[in-house]
Amino acid sequence: MASLLQRVKSKTAIFAHRKARGMLDGEYASVFRGRSLDFDDLRAYVAGDEVRDIDWKATARHGSPLIRRYVAVRRQTVLLVTDTGRNMAAQSRSGETKKDIAVLALGVLGYLAHRHGDAVGLVCGDASGTRTLPAKGGEAHLERLLRHVDSHTRLDAPPSSIDGQLDFLARTIKGRHLLFVVADEIPATAATARLLRRLRAQHEVLWLTIRDAELAPAHPAPETESYSVADSSLLVGQPALSGAVAAAYAHSVALRDADRKTMLRGAGITEGEVAGSQDVISALFALLERHRRAG
């Protein structure tokens, strides 16, 4: 069985020359820049300690000065987060399955993390529940994560529900991590917005959207029938949508995209999007660069 990670490395080599890969490494490294210390515990203040290290809230509760002690952070934790419901087994805008693009994107970001000595874990699932694989290092572990996504994302899988994975993260993941979320064109809802704001308050969050297939392509294939992965219903308008219906559909897609972007931006989350595998490297570079510039 061919290695998915080796496939990721091969496509990375094709899509990005050495200089571009070095820039991608640099943008990844910048995500955690400035976070060299993590809180360890509290101890009593003694003469000579830095006043700025005093924890004033703890001091007020305790009744005598307490200072914060820190430990150096030598390795970060990256959680790859994705939807493995049947929506992700459908076609993307490029005609590839969204799952294949997701595996490539997760693999590239995971490999960057591995090269920087970071631990990589996986949180994925569908409407039936959430599955997790703990964060570890090593290429063999990253291969296992990618295979898990690849094998669980099928047309006969339960419906998609990225909110389920976001809720799991908000309830169970402690500490501060880098969350890399890969999903399709989710609708903007109040519930999702609340989850995103809660996650962003604790973690660094990067979001990559995989564009859905065109339901009203400019040049549809003759005698082509398309079906919804949600309920197997025939999608109207293939191959011939009237001009008015096609325009209305395009307008609704644009409004949905704008709402999603507004929701993510409102939560302080940096988003990128891809239509196909050929876009993954450039989209990740742009995503990391925008996140760095946003501070």
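For the structure, see preceding data.
The structure contained in this document is the topic of the report that follows. Computed from a predicted model, the values in this text were never measured in an experiment.

What follows concerns the overall build of the protein. A count of helical and extended segments in the protein gives nine helices and eight strands. Across the 295 residues that make up the protein, the buried fraction comes to 42%. When the accessible area of the protein is evaluated, it comes to approximately 14,900 Å², of which 54% is carbon and sulfur surface.

The next subject is helix H7 (residues 190-200). Looking at H7, one finds that the buried residues are Thr192, Ala193, Leu195, Leu196 and Leu199. Projected onto a plane normal to the axis of H7, the buried residues spread over an arc of 165° and lie on a single side. Turned more than 90 degrees from where H7 packs its buried face, Ala190 and Arg194 sit exposed.

Core analysis: the biggest nonpolar cluster contains 40 residues, and Tyr28, Leu80, Val108, Phe180, Val182 and Val280 have the highest contact counts within it. In terms of residues, this core owes the most to one element, helix H4 (residues 98-115), which gives 10 residues. Of all hydrophobic cores here, the second largest spans 23 residues; its members include Val81, Ala193, Met263 and Ile269.

All right, on to the pattern of salt bridges then. Side chains that differ in sign of charge can pair as their charged atoms come close. The full count for this structure, using the stated rule, is 22 salt bridges. One salt bridge connects Glu271 with Arg260, and the closest N-O pair in it is separated by 2.8 Å. In this pair, Glu271 sits in strand S8 (residues 270-274) while Arg260 sits in helix H8 (residues 243-266), placing the two residues 11 residues apart along the sequence. As far as burial versus exposure is concerned, Glu271 and Arg260 are alike and both buried. Here the salt bridges share partners, and the residues they tie into one network are Arg93, Lys98, Asp184, Glu185, Arg211, Asp212, Arg256, Asp257, Arg260, Lys261, Glu271 and Glu273.

Looking now at the packing of H4 against helix H5 (residues 139-152). Contact geometry of H4 with H5 gives a least axis separation of 10 Å together with a crossing angle of 160°. In this view, H4 runs roughly antiparallel relative to H5, as classed from their interaxial angle. For the pair H4 and H5, the sense of crossing is right-handed. Contacts between H4 and H5 pair Lys99, Asp100, Val103, Leu106, Gly107, Gly110, Tyr111 and His114 from the former with Glu139, Leu142, Leu146, Val149 and Asp150 from the latter.

Within a beta sheet, neighbouring strands are joined by backbone hydrogen bonds and run either parallel or antiparallel to one another. Taken in spatial order, the six strands of this open sheet run S5-S4-S3-S6-S7-S8, and their pairing is mixed. On the outer flanks of this sheet lie strand S5 (129-136) and S8, each paired with one strand and no other. Sheet twist, expressed as the mean angle between neighbouring strand axes with direction ignored, is 15°. Relative to strand S7 (residues 204-210), strand S6 (residues 178-183) runs parallel, the two being bridged by six bridges. Note on S7: the bridge partner recorded for Leu179 is Val205.

Taken as a whole and judged by the stated rule, the model has one cavity of 30 Å³ or more. Put simply, the largest cavity is a space of about 30 Å³. The residue inventory of the lining of the largest cavity, partitioned by class, reads two nonpolar, four polar and two charged.

In this section: the packing of H4 against helix H9 (residues 280-293). In the contact formed by H4 and H9, the axes pass within 10 Å of each other and the chain directions differ by 50°. What the angle tells us is that H4 and H9 run oblique. Where H4 crosses over H9, the handedness of that crossing is right-handed. Taken together, the residues of H9 that come into contact with H4 (itself represented by Ile101, Leu104, Ala105, Val108, Leu109 and Leu112) are Val280, Ile281, Leu284 and Leu288. Classifying every residue of the contact of H4 with H9 by side-chain character gives 10 nonpolar, no polar and no charged.

Moving on, we get to a nonpolar patch on the surface. A cluster of nonpolar side chains, contributed by Tyr45, Val51 and Trp56, occupies part of the molecular surface with about 340 Å² of accessible area. Owing to a relative accessible area of 59%, Trp56 belongs among the exposed residues under this scheme.

Along the polypeptide, Glu204 turns up in strand S7. Among the residues examined, Glu204 registers a relative accessible area of 9% and is labelled buried. Polar contacts involving the side chain of Glu204 include one to the side chain of Arg176, which spans 2.8 Å. A polar contact of 2.7 Å, which involves the side chain of Glu204, links it to the side chain of His291.

The next subject is the pairing of S6. When you tally the buried positions in S6, you get six out of six residues, the bulk of the element. Judged by which residues are buried, S6 turns out to be covered on both faces: Leu178, Phe180 and Val182 on one side and Leu179, Val181 and Ala183 on the other are all buried. Note that strand S3 (residues 77-83) and S6 share five bridges and pair parallel. Pairing of Leu79 across the sheet is with Leu179, part of S6. Taken together, S6, H7 and S7 constitute a β-α-β crossover, and its handedness is right-handed.

Conventions we followed
- Residues numbered from 1 in each chain as written.
- Predicted model: local features only at pLDDT ≥ 70, side-chain atom pairs only at ≥ 80, totals over all residues.
- Heavy atoms only, no water.
- Helix = DSSP H or I, 4+ residues; strand = E, 2+ residues; numbered from the N terminus.
- Buried < 20%, exposed > 50% of the residue type's maximum accessible area, 1.4 Å probe, protein only.
- Areas by Shrake-Rupley, 256 points an atom, 1.4 Å probe, with all protein chains shown as cover.
- Arc of directions from axis to C-beta.
- Core = buried A, V, L, I, M, F, W, Y, C linked by side-chain atoms within 4.5 Å.
- Salt bridge = Lys/Arg side-chain N within 4 Å of Asp/Glu carboxyl O.
- Axes fitted to C-alpha atoms, helices over the stretch in contact; angles between N-to-C directions.
- Parallel < 35°, antiparallel > 145°, perpendicular 65-115°, else oblique.
- Left-handed = near helix turned anticlockwise from the far one by under 90°.
- Contact = heavy atoms within 4.5 Å.
- Pairing = 2+ DSSP bridges.
- 1 Å grid on protein atoms, 1.4 Å probe; cavity = no way out; pocket = protein on both sides within 12 Å on 5 of 7 lines; lining within 4 Å.
- Points joined across faces, edges and corners; volume = space filled by probe spheres on them.
- Nonpolar A, V, L, I, M, F, W, Y, C, P; charged D, E, K, R; others polar.
- Patch = residues over 30% accessible without salt bridge, like charges linked within 9 Å, V, L, I, M, F, W, Y side chains within 5 Å.
- Polar contact = N/O pair within 3.5 Å; in protein donor to acceptor, adjacent residues only side chain to side chain.
- Right-handed = clockwise from strand over helix to strand, strands pointing away.

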